[in-house]
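Descriptive structure summary
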Amino acid sequence: MVTLYDVPADDLIEAVAEELEERIEQPAWAEFTKTGSGRELPPQQDDFWYVRAASLLRKLAMDGPKGIDRLSTEYGGKKRGSTRYRVAKAAKSSGSKKIIRTILQQLEEEGMVTTVKGEGRRITPEGQSFLDSVAGEVLESLDRPELERYA
């Protein structure tokens, strides 16, 4: 039986994102919002919402229960403080909690994620089997010779 650990992460996230396009809906405001306070522009990808949802689902499956604060820290980055007139040290910035919270609520409605009081969100057995079935499809479609170690 193939699990999500048996396939490369980028291929799995891409395939899960395609499957999630049919199951969840991107909000109207998502194309105008930034992904964090350290960003200058919203994402340019058309399927950004589904890729982020697939990545969140994989993170919850790999690392166990996590809260929104910890997930926003993982999706954050550097906030560079220099402009034309002043220079400030680079600081860490967190990712958008609104985006993460909304995606997790959508995944909860689909039955893939559940809330555990005091621990955060956790993947359900339905979500785990969804990821494993998509991982099986991805493994069958791998044609690259450098990835034979995953087979």
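Our structure is the block above this text.
Only a predicted model underlies this, so the values are computations on that prediction, with no experimental measurement involved. (Residues numbered from 1 in each chain as written. Predicted model: local features only at pLDDT ≥ 70, side-chain atom pairs only at ≥ 80, totals over all residues. Heavy atoms only, no water.)

One finds V16, L20 and L57 to be the most contacted residues of the largest nonpolar core, which totals 35 residues. Of all elements in the fold, only α1 (9-20), α2 (48-63), α3 (68-74), α4 (97-109) and α5 (125-141) reach the threshold of two or more residues within this core. Residue contributions to this core peak at 9 residues, all from α2. Setting aside anything within four residues of it in sequence, one finds V16 in contact with A54, L57, F130, L131 and V134. (Core = buried A, V, L, I, M, F, W, Y, C linked by side-chain atoms within 4.5 Å. Buried < 20%, exposed > 50% of the residue type's maximum accessible area, 1.4 Å probe, protein only. Helix = DSSP H or I, 4+ residues; strand = E, 2+ residues; numbered from the N terminus. Contact = heavy atoms within 4.5 Å.)

A few words on the pattern of salt bridges. In this structure the tally under the stated criterion is 7 salt bridges. Members of the salt-bridge network, linked through shared partners, are K59, D63, K66 and E74. (Salt bridge = Lys/Arg side-chain N within 4 Å of Asp/Glu carboxyl O.)

Before going further, it helps to spend a moment on the pairing of strand β4 (residues 120-123). Across 4 bridges, the pairing between strand β3 (residues 113-116) and β4 is antiparallel. Bridging across to β4, V113 finds its partner in I123. Where β3 folds back on β4, the antiparallel hairpin that results is connected by 3 residues, among which G118 adopts a positive phi of roughly 85°. (Pairing = 2+ DSSP bridges.)

On the surface, D10, E14, E18, E19, E21, E22, D46, D47, E137 and E140 cluster together into a negatively charged patch. Mapped onto the negative patch, the elements with two or more residues apiece are α1 and α5. Sorting elements by how many residues they give to the negative patch places α1 first, with 4 residues. Here E19 lies in helix α1. Its relative accessible area of 30% is what places E19 among the partly exposed residues. (Patch = residues over 30% accessible without salt bridge, like charges linked within 9 Å, V, L, I, M, F, W, Y side chains within 5 Å. Areas by Shrake-Rupley, 256 points an atom, 1.4 Å probe, with all protein chains shown as cover. Lys, Arg positive; Asp, Glu negative; His and termini not counted. Charge placed at Lys NZ, Arg CZ, Asp CG, Glu CD.)

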